[in-house]
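The residues making up each chain are set out below.
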6 protein chains.
Amino acid sequence: MPEIISTSTRRKVITLGEVMMRLSCPGQGRFTQADSFDVIYAGSEANIAAALAGWNIPAAHITAFPDHDLGTAATNYLRQFGVDTQYIRYQPGRLGIYFLESGASIRSPKIIYDRFNSCFANVNPTQFDWSEIFRDATWFHYSGITPAISQAAADVCLEAVKMARKKGVTVSGDINYRRNLWQYGKAVREIMPELIKHTDVIVAGITDFDNCLGIADETFESTCEKVVRQYKDIRKIFTSIRKTVSASHNMFGAMLWNGKKTIEAKTYDLIPIVDRVGTGDAFMAGYIFGAINQFDDQRALEFATAAGALKHTIEGDVTTCSVEEIVALMEGENVGKLLR
Amino acid sequence: MPEIISTSTRRKVITLGEVMMRLSCPGQGRFTQADSFDVIYAGSEANIAAALAGWNIPAAHITAFPDHDLGTAATNYLRQFGVDTQYIRYQPGRLGIYFLESGASIRSPKIIYDRFNSCFANVNPTQFDWSEIFRDATWFHYSGITPAISQAAADVCLEAVKMARKKGVTVSGDINYRRNLWQYGKAVREIMPELIKHTDVIVAGITDFDNCLGIADETFESTCEKVVRQYKDIRKIFTSIRKTVSASHNMFGAMLWNGKKTIEAKTYDLIPIVDRVGTGDAFMAGYIFGAINQFDDQRALEFATAAGALKHTIEGDVTTCSVEEIVALMEGENVGKLLR
Amino acid sequence: MPEIISTSTRRKVITLGEVMMRLSCPGQGRFTQADSFDVIYAGSEANIAAALAGWNIPAAHITAFPDHDLGTAATNYLRQFGVDTQYIRYQPGRLGIYFLESGASIRSPKIIYDRFNSCFANVNPTQFDWSEIFRDATWFHYSGITPAISQAAADVCLEAVKMARKKGVTVSGDINYRRNLWQYGKAVREIMPELIKHTDVIVAGITDFDNCLGIADETFESTCEKVVRQYKDIRKIFTSIRKTVSASHNMFGAMLWNGKKTIEAKTYDLIPIVDRVGTGDAFMAGYIFGAINQFDDQRALEFATAAGALKHTIEGDVTTCSVEEIVALMEGENVGKLLR
Amino acid sequence: MPEIISTSTRRKVITLGEVMMRLSCPGQGRFTQADSFDVIYAGSEANIAAALAGWNIPAAHITAFPDHDLGTAATNYLRQFGVDTQYIRYQPGRLGIYFLESGASIRSPKIIYDRFNSCFANVNPTQFDWSEIFRDATWFHYSGITPAISQAAADVCLEAVKMARKKGVTVSGDINYRRNLWQYGKAVREIMPELIKHTDVIVAGITDFDNCLGIADETFESTCEKVVRQYKDIRKIFTSIRKTVSASHNMFGAMLWNGKKTIEAKTYDLIPIVDRVGTGDAFMAGYIFGAINQFDDQRALEFATAAGALKHTIEGDVTTCSVEEIVALMEGENVGKLLR
Amino acid sequence: MPEIISTSTRRKVITLGEVMMRLSCPGQGRFTQADSFDVIYAGSEANIAAALAGWNIPAAHITAFPDHDLGTAATNYLRQFGVDTQYIRYQPGRLGIYFLESGASIRSPKIIYDRFNSCFANVNPTQFDWSEIFRDATWFHYSGITPAISQAAADVCLEAVKMARKKGVTVSGDINYRRNLWQYGKAVREIMPELIKHTDVIVAGITDFDNCLGIADETFESTCEKVVRQYKDIRKIFTSIRKTVSASHNMFGAMLWNGKKTIEAKTYDLIPIVDRVGTGDAFMAGYIFGAINQFDDQRALEFATAAGALKHTIEGDVTTCSVEEIVALMEGENVGKLLR
Amino acid sequence: MPEIISTSTRRKVITLGEVMMRLSCPGQGRFTQADSFDVIYAGSEANIAAALAGWNIPAAHITAFPDHDLGTAATNYLRQFGVDTQYIRYQPGRLGIYFLESGASIRSPKIIYDRFNSCFANVNPTQFDWSEIFRDATWFHYSGITPAISQAAADVCLEAVKMARKKGVTVSGDINYRRNLWQYGKAVREIMPELIKHTDVIVAGITDFDNCLGIADETFESTCEKVVRQYKDIRKIFTSIRKTVSASHNMFGAMLWNGKKTIEAKTYDLIPIVDRVGTGDAFMAGYIFGAINQFDDQRALEFATAAGALKHTIEGDVTTCSVEEIVALMEGENVGKLLR
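Residues numbered from 1 in each chain as written. Chains lettered and ligands numbered in written order. Predicted model: local features only at pLDDT ≥ 70, side-chain atom pairs only at ≥ 80, totals over all residues. Heavy atoms only, no water.

Student: Would you take a moment to explain the overall build of chain A for this structure?
Tutor: For chain A, the count of helices and strands is 11 helices and 15 strands. For 340 residues, the compact-globule formula gives about 20 Å, and the C-alpha radius of gyration of chain A, at 19 Å, lands near that figure. Principal-axis analysis of the C-alpha atoms gives chain A an extent of 50 × 50 × 40 Å. Burial analysis of chain A (340 residues in total) assigns 67% to the buried set. In chain A, the proportion of contacts linking residues at least 24 apart, taken out of those at least 6 apart, comes to 70%. Accessible surface, chain A as shown: approximately 11200 Å² in total, 47% of it carbon and sulfur. In chain A, the 36 positive side-chain charges and the 39 negative ones have mean positions that sit 2 Å from each other. (Helix = DSSP H or I, 4+ residues; strand = E, 2+ residues; numbered from the N terminus. Rg over C-alpha atoms; globule rule 2.2 N^0.38 Å. Buried < 20%, exposed > 50% of the residue type's maximum accessible area, 1.4 Å probe, protein only. Contact = heavy atoms within 4.5 Å. Areas by Shrake-Rupley, 256 points an atom, 1.4 Å probe, with all protein chains shown as cover. Lys, Arg positive; Asp, Glu negative; His and termini not counted. Charge placed at Lys NZ, Arg CZ, Asp CG, Glu CD.)

Structure representation (structure tokens):
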């Protein structure tokens, strides 16, 4: 994707978004059975930064944390992956939380969100120096979750997107429309179109486009064509494709429209699933990795899909698979065999 | 099943039976490997009361516990589900125990019972005021385990059944014949026929009828017909149908004979199995729930089967699935999909 | 205390207050080290109801919970102790949370609250039928935490206190002034005096009276005398006395002013401390137990103090000690000896 | 003690007694809080065999286990310490159980026994070939628990004691009188005197002698003198001395009457206590170790006391301290210091 | 296999090889996620001794351990299974370690070895009295790992093999060629041929023979025939056959060449896999068990294959399945069904 | 300490030393009881870097790690505290390990080292660009462990010390003499004098000076005076003072000689001790923090001592206490009190 990454010498990726405390029931236990919760700190965009940092791509995450020990804990959590946390801001307030029950077999996984009124929702848009943040950056990533949280979050996101464009930084956005959010008074179609307008690389399916832009068509490809007629700066649109046999068994593939045609990646049969949360983020991170390394579309999508598929086998929101492991899977080497 | 539940205003269910301490090896460990056991308190009939209480059906369980801290622990365990424990009696003696190793793949699950000489086996039949217990009740449930434990237990069970009938309370019995019990000197056929005679709703398969009544025929339907010729008060007979592929993979369905014909429920493919103990109890509870809510036979059996199937995904003896979750499964909605 | 408990036949205690999810670091770990949190559900007043239910005093707790699985989990948690949960209301919203780090030796325990905007803060005052709730009650207990949370919570508390008085129910209040709360716009002295006016039994020290009523004097006794001059319905005032040697070592005693004089209880040397949260609640529950059982002041205070002291050895917010264990400690029997 | 150990070339110790499953609440949790129990297999006499085997004294334990997986688990547990399990017999029946709550500070430890009707209680006295068992033995140890369990157990014990004497094997007995046992119809004074008559080395305090023999006097020394006037074969009598400050803090010392005078060992201040169960067994094992190694009375008692004291710091019933560690403690070297 | 086992009265099996500490990530966690490791002590040959001891075949393992607490821990670990540890030698040095990440689904299991410079690698060949060790033995087993570790280990192995032959003890060798070992300066073909020359029963596949002897042919059978032309004492050659669908799903079968023809065993479908490490050792132990019990080739191979297959369901390196469980699987009885 | 820190604008601290995997027995368990080990990554100098990074002092640690997943795990572990890991080198080899048993009461803690032949011992002295590393540094810290490991490690250390001096970076050294190390052929007095010669700030007691320099005198002060007569660049010498009552109870104080006089810090009574490993490192880090912040000698020593004392209450090798917590302890505020 050489037309997107202008200079190979700038490799830093910037991500923006809320990081929550994730409290998950141990094993396959239920909320009503839990006498402990496993705790990590996670958010779609931060998960991507963590994956990239693990693959030796410098990555800084931008967010706001409470100015108490849980803010420190969340910072430390991100730092272990090598995420650059220097731009994180600390302020009074609470950390958003999500509770996770992982499900099993015919029983569905469940998430209960407790994220309203978090520090990040109350973020002060003036506290980030985007010009400084983007100094060495090559890529900026946001998701549709951020503008759905609060007006302040939406403002920060738009400001970041605009500055990124101004600085020649590639912008990717994972549309990720969630009806339950968007409770601060604005409708999704009042906010998202402006963000999408300044975005180079979009992750979305037909329904996402319909919800956010009111654009839909029969196929992914024809929808993409329609979208790009209005949003001319979009260069790539892609989406993962998931078939859910049960909570323990999914198929995972992907397709990408590159402005000319739609290409598809290999589909993976995933059984059992260890943790499916964050698989879309690993997929996105995989694509960014490929783009920065100037993989062609097919290879970038295959890498992204293998990264997303492998994430299903890993506990937590963040993939800890190495580039070598992902490539081996892509190439079908030693899948499942004992490596000594 | 309007002919069984006479008044919709009385909704209380009474269950009778031993509650044991269940000591299970963590994860897929073996008895000889365990350096800890997970502990819960469980018994077929109490599991049913707990499931019903969780579905907002008032349910009281009748049993006897030791008058020491383990009796308190067992009581507290039942109370968390909302089971009414006011009729439980406390007396010197021991709590029955069962040890569980869950198996995996081609390795079978194993149970070691250590239940002889328990408080419940030595229950004093005069200490329960059945007339008071059944005051607001609509349903009484027992299983064939109780009369197998001791003469005292058999006596209590028969007394309860008779009083239930006298009070117009529907009686269900899960025949559940187990050869290893029945060691107190009476044969099963000396005891069970009298109990079955006063039972409206029976859970049993061909083998159960053969063992307990000496009645069997080629098919479930023809066996039921034969049984009812002698036991004229029986209105419904049903049974779950399990196919065991491995310890981790079962198929689970059910059929019901309603006096006229045999109907079948959907079969569920269960992989992996989290905990198969208590699945029959969830199935029975599901049926009682349906009956009390005047579901027709097919819907009651589907609800029961879905309740039993879902239980395979839940740790412990008691289902913690909500009515909404069971109905969603019955109706094939979002099976295995992440619910936010 | 026969003048307070009018009839020995009514024994039901009603408590009102927020119940939070408590997330505590395992062992002596720190917030920044935790990769899991132990979870229970707790609140000062509910802890008291749970202790009393464990001592066979019928006790119902009044609160509001979210209408999702965590509300069910919190309800189940209270039910295990035998707390009557029938009056709890369920509504959309979040469950308040508190995070606990237990400290050790010279390192202090720490609590981080995340309780704003909870269901209980947004409680609808009309949804509780206090007349019905107090039907069989002999005692009502509230704490100064409730009116500090929100106007709605303060309104519910005042309504309950007034109805309790009207119904002849003894009212106790644990003043428990916490500066960090009281953020909804009212000052403590705008709210607490009216509540205290209708309270029979007060738990407070000099500082509490100063903060809430602007009344203080040199000694506990002289302060009490001053308070009662204005708040004539108060019959008893008591307080625990804690000396903190370290996080692992406290001394715990108590004194009570009974309108005539101040009496003191035995002081306990507590080392090591297992969990000091909820010790004041066990102390309060102990006093209510004594009062309902018509213990004289000294015995009630000794029972309360022993109950509070023993709670330091018990994990969780709720004491699980039996009446027999508390009495044995009061009487100095077998302290610390192996009981077979 | 050269007069007791006749030949230094025979070093094998034989112990006889019930081994139970020990189910203990994790950490400082309570029975009513436990959702798991830690499991080990333990019994006073087997604990002694295990300690001795760990100190390179060949030791075989004689008992009966169920012929199912829990019997295997118990055998394996003993084998890890090097205990010779070849003489253990397997038969249908149950394994005795004891439940342990460890207490903390002012809260007492508690044991609930569930040991009636065990395999060992129903032991078949003819199944042990004592002549073969004692072939290479130098020492036989029993405790007063065994004859208290059942007539069969008492018979086995007496048979063993007699054969040991006949074979020139030193016999030690830990009187360990427990009122709660002795429920099979015989009184302690019908059984114990005959056993004591054939015993060389006795562990007992004044109360034990009073209960078992009806002999008591003002001091330990004068009681011992009285006892030996009747039981002339006794050569040594000793006892540990425990002062219980709290469940977490004990003082532990010992005294020994050697036929001529009473000697005392150093007293240890034990805080915190990790696990006090089995400390008497470590003490007894320490004495046997000293005797077999021909320590003089003072050194044997000091070794025994240090072994018993150190056991308070070790989880489980069995001491895992090495001879070197015990000697270092006796000699006051590096107590509590980090050893690299 | 009556021609191999000369006398049915000698049943002791001797195994020789390194025992390492195995440190495995809990559950399906990764090295980079682990904040604890599960610890056991394991080695291919010791795993075989442990399996055989569990099946009541006397088995002694020969190895060297450090003379500190970890050597004791490793010894105790082996002793629990009944392995005779009397010939183990203790010396200064380190215990080899292997780290294990178990993988899941499409993610491969991984082992990191840290075994160089261990006690066993530095073993002193003169410290084992092989004549004494083989006194009551009927079988000796080694693997190709031992000669790959160091010259000293290779020397010990050859000495043992030669003495075994001299004493009429059957010798089996698991070729198990691993390229990563063999770093001490000798090539595999300088060492293995001499060992194979004195071996009766070989476990190897075509690649193993090619690597170690430079002999290969198109099929297993033709390769075996070629090998035996040069290594005339070999009587049986067999190998397991594994098909890896994923880390969680394998097929496991086996074939054996008995000098005349190749026979095959039943293939097992293993899903999910609990722990695949040590499955080859369980397979080998199964074969030795069959041989000692004079099973014919088919039955010995079926027993071995069932033992190996069942091991996939068991945590740790050692199978804990009983002979009865293995036979039941071989015969297809109750596979996966709940055994009460 | 303005004479040491030349410019307040350079605040970066560089530390050099081996980082090992620490495997510790859970709770108070023993090596022979452990079926899991807790795992962290630690080393004296890295612990100091981590403490400083947690107090917002930029700190980079220099070491070598294996080029496999455990090297990544160790890197991630350090990164969570904010340690700058960019200069760490990765190479084939093993990670050093230390095993820890924490002791309790009269039972001593124990460490077993398995650190020979690690990556760090085999470090390539040319792979660190010290000129680049010290670019923004103000302080360099090493310990006497590094030159004790291998000639290569000693060479790296000396090179670093010399370059630090050349660049005007303050050099501190913790002498920390350990007899068990120093096995590569050089004696401590062949190596340490040269390092000490270039060191500004020394942590050592009389014995350390005696061992390393052959200089000792009656008191700490007179020894320091003697040392400085020969080693004229030393500006400060300090040492912690520990009194060991038991493994669970220590007293911890300190003294410092500042070239003119000896000052002492407050002594802390520590009971119970959670983890005493790394307390000296927290003490050292505290001193460096004070020096960089230009605290006077007394305040720097008090801060260091409070930091070291508090570390006794924290699991792991690294202190996680904040500057605020340490200052509060120094000033005696709220010690052990619940902070809400």
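Student: Hey, could you run me through the environment of Lys-260 of chain F in this one?
Tutor: All names here are of chain F. Its location among the elements puts Lys-260 in the loop between strand S13 (249-257) and strand S14 (262-264). When its relative accessible area of 72% is taken as the criterion, Lys-260 is described as exposed. Expressed as a C-alpha distance, the spacing of Lys-260 and Gly-168, which sit 92 residues apart in the sequence, is 24 Å.

Student: In this structure, what is going on with helix H8 (residues 220-230) of chain D? I would like to understand it.
Tutor: Since the α-helix packs 3.6 residues into each turn, any two residues three or four apart lie on the same face. Of the residues making up H8 of chain D, those classed as buried are Phe-220, Ser-222, Thr-223, Cys-224, Val-227 and Val-228 of chain D. The inward-facing, buried residues of H8 of chain D abut helix H7 (206-213), strand S12 (236-246), strand S13 (249-257) and strand S14 (262-264) of chain D.

Student: Just checking my understanding: could you explain the side chain of Asn-47 of chain B for this structure?
Tutor: Summarising the element assignment, Asn-47 of chain B is placed in helix H1 (residues 44-54). Apart from the residues within four sequence positions on either side, Asn-47 of chain B is in contact with Ala-42, Gly-278, Asp-281, Asp-317 and Val-318 of chain B.

Student: How should I be thinking about the pattern of salt bridges in this particular structure?
Tutor: Opposite charge on two side chains makes pairing possible when the charged atoms of those side chains draw close. Tallied over the entire structure, the rule returns 114 salt bridges over all chains. Between Arg-30 of chain C and Glu-325 of chain F there is a salt bridge; the shortest N-O distance is 2.7 Å. Taken together, the positions of Arg-30 of chain C in the loop between strand S2 (20-24) and strand S3 (36-42) and Glu-325 of chain F in helix H11 (residues 323-330) put the pair across two chains. Arg-30 of chain C gets classed as buried once you look at its relative accessible area, which sits at 2%. Overlapping salt bridges, with partners in common, bring together Arg-30, Glu-101, Arg-107 and Lys-110 of chain A, Glu-325 of chain B together with Asp-69 of chain C in one network. (Salt bridge = Lys/Arg side-chain N within 4 Å of Asp/Glu carboxyl O.)

Student: Explain the sheet that holds S2 of chain C here, please?
Tutor: Paired through backbone hydrogen bonds, the strands of a sheet run either parallel or antiparallel to each other. Read from one edge of the open sheet, eight strands run S8(A)-S7(A)-S2(A)-S3(A)-S3(C)-S2(C)-S7(C)-S8(C), paired in mixed fashion. Unpaired on one side and paired on the other, strand S8 (110-114) of chain A together with strand S8 (110-114) of chain C mark the two borders of the sheet. Direction aside, neighbouring strands of the sheet carry axes that sit 30° apart on average. Alignment of strand S7 (residues 97-101) of chain C against S8 of chain C, held across five bridges, turns out to be antiparallel. Across the sheet, residue Tyr-98 of chain C finds its bridge partner in S8 of chain C, namely Tyr-113 of chain C. (Pairing = 2+ DSSP bridges. Axes fitted to C-alpha atoms, helices over the stretch in contact; angles between N-to-C directions.)

Student: Would you explain the packing of helix H6 (residues 188-197) of chain A against helix H7 (residues 206-213) of chain A in this entry?
Tutor: Axis angle and axis distance: for two packed helices, these are the angle between their axes and the distance between the axes, and together they describe the pair. All names here are of chain A. Where H6 meets H7, the closest approach of the two axes is 7 Å, and the angle between their N-to-C directions is 110°. Relative to H7, the element H6 lies roughly perpendicular. Residues Val-188, Arg-189, Met-192, Pro-193 and Ile-196 of H6 touch H7, and the partners they reach there are Asp-210, Asn-211, Cys-212 and Leu-213. A per-class count over the contact of H6 with H7 returns six nonpolar, one polar and two charged. (Parallel < 35°, antiparallel > 145°, perpendicular 65-115°, else oblique. Nonpolar A, V, L, I, M, F, W, Y, C, P; charged D, E, K, R; others polar.)

Student: Looking at this structure, how should I read the interface of chain A and chain C?
Tutor: Interface size is commonly expressed as the accessible area that is lost once the parts come together. Facing the 25 residues of chain A at the interface are 25 residues of chain C. Residue Asp-69 of chain A pairs with Lys-110 of chain C through a salt bridge whose shortest N-O separation is 2.8 Å. Linking chain A with chain C are seven residue pairs in polar contact (both at pLDDT 80 or more). Counting only elements with at least two residues in the side of chain A that touches chain C, the list comes to strand S2 (20-24), strand S3 (36-42), helix H2 (69-80), strand S7 (97-101) and S8 of chain A. (Polar contact = N/O pair within 3.5 Å; in protein donor to acceptor, adjacent residues only side chain to side chain.)

Student: Explanation requested: the relation of the copies chain A and chain C in the structure shown.
Tutor: Copies of the same chain, two in number, are related to each other by a rotation about an axis and a translation along it. Each copy superposes on the other: chain A lies on chain C with an RMSD of 0.0 Å after a rotation of 180° and an axial shift of 0.0 Å. Within this description, the copies of the chain are treated as partners about a two-fold rotation axis. It is Phe-37 of chain A whose C-alpha, among those of chain A, lies nearest the rotation axis, at 2.7 Å. Both copies contact each other with a shared surface, as 100% of the interface residues of chain A are interface residues in chain C too. (Least-squares fit on C-alpha atoms with pLDDT ≥ 70 in both.)

Student: Explain the packing of aromatic side chains here, please?
Tutor: The geometry of an aromatic ring pair is captured by two quantities: the separation of the ring centres and the angle between the planes. Using the criterion set out here, one finds 114 aromatic pairs over all chains in the structure. Look at Phe-128 of chain B and Trp-130 of chain B: their rings are 5.8 Å apart centre to centre, the planes differ by 50°, and that puts the pair in the tilted class. Both residues of the pair, Phe-128 of chain B and Trp-130 of chain B, count as buried. Through a chain of ring-to-ring contacts, three or more aromatic side chains come together here, namely Phe-128, Trp-130, Phe-134, Phe-140 and Tyr-142 of chain A. Here the basic side chain of Arg-299 of chain B rests over the ring of Phe-295 of chain B, its NZ or CZ set 5.0 Å away from the ring centre. (Phe/Tyr/Trp six-rings, centres within 6.5 Å; stacked < 30°, edge-to-face > 60°. Lys NZ or Arg CZ within 6 Å of the ring centre and 35° of its normal.)

Student: I'm lost on helix H6 (residues 188-197) of chain F in this one. Help?
Tutor: Burial in H6 of chain F covers these residues: Val-188, Ile-191, Met-192, Pro-193, Leu-195 and Ile-196 of chain F. Along its buried surface, H6 of chain F packs onto strand S9 (137-143), helix H4 (146-149), helix H5 (151-166), strand S11 (201-203) and helix H7 (206-213) of chain F.

Student: Whenever I open this one, the pairing of strand S2 (residues 20-24) of chain D confuses me. Can you help?
Tutor: The side chains of a regular strand alternate, first on one face of the sheet and then on the other. Residue and element names in this part refer to chain D. Where burial is concerned, most of S2 is hidden: five out of the five residues are buried. Burial of the side chains of S2 extends over both faces: Met-20, Arg-22 and Ser-24 are buried on one face and Met-21 and Leu-23 on the other. Examined bridge by bridge, S2 and strand S3 (residues 36-42) share five bridges and lie antiparallel to one another. What sits directly across from Ser-24, in S3, is Asp-38. Looking at chain direction, S2 and strand S7 (residues 97-101) are connected through four bridges and run parallel. Its bridge partner lying in S7, Arg-22 is registered against Tyr-98.

Student: Sorry, what's going on with the sheet that holds strand S8 (residues 110-114) of chain F here?
Tutor: Spatial ordering of the open sheet is given by S8(E)-S7(E)-S2(E)-S3(E)-S3(F)-S2(F)-S7(F)-S8(F), a layout of eight strands whose pairing is mixed. Edge strands, defined here as strands with exactly one partner in the open sheet, are strand S8 (110-114) of chain E together with S8 of chain F. When strand polarity is set aside, the average angle formed by the axes of neighbouring strands in this sheet is 30°.

Student: Help me understand the environment of Gly-308 of chain A, please; the structure alone is not making it clear to me.
Tutor: Its location among the elements puts Gly-308 of chain A in helix H10 (residues 297-311). Spatially, the C-alpha atoms of Gly-308 of chain A and Thr-319 of chain A are 8.3 Å apart, while their sequence positions differ by 11 residues.

Student: Sorry if this is basic, but what is going on with the side chain of Ser-150 of chain C here?
Tutor: Of note, Ser-150 of chain C is situated in the loop between helix H4 (146-149) and helix H5 (151-166). Excluding its chain neighbours within four sequence positions, the residues that come into contact with Ser-150 of chain C are Ala-121 and Tyr-184 of chain C.

Student: Mind showing me how you'd approach a negative patch on the surface here?
Tutor: A surface patch of negative charge is lined by Asp-35 of chain A, Asp-38 and Glu-315 of chain B, Asp-38 and Glu-315 of chain C together with Asp-35 of chain D. Residue position: Asp-38 of chain C is located in strand S3. When its relative accessible area of 32% is taken as the criterion, Asp-38 of chain C is described as partly exposed. (Patch = residues over 30% accessible without salt bridge, like charges linked within 9 Å, V, L, I, M, F, W, Y side chains within 5 Å.)

Student: It is not clear to me how the packing of H7 of chain D against H8 of chain D should be interpreted in this structure. Could you clarify?
Tutor: All names here are of chain D. As a packed pair, H7 and H8 sit with axes 10 Å apart at the nearest point and diverge in direction by 30°. It follows that H7 is roughly parallel to H8 by the angle criterion. Once H7 is placed against H8, the crossing between them reads as left-handed. Listed contacts from H8 to Ile-206, Phe-209 and Leu-213 of H7 are Phe-220, Thr-223 and Val-227. Of the residues in the contact of H7 with H8, the class split is five nonpolar, one polar and no charged. (Left-handed = near helix turned anticlockwise from the far one by under 90°.)

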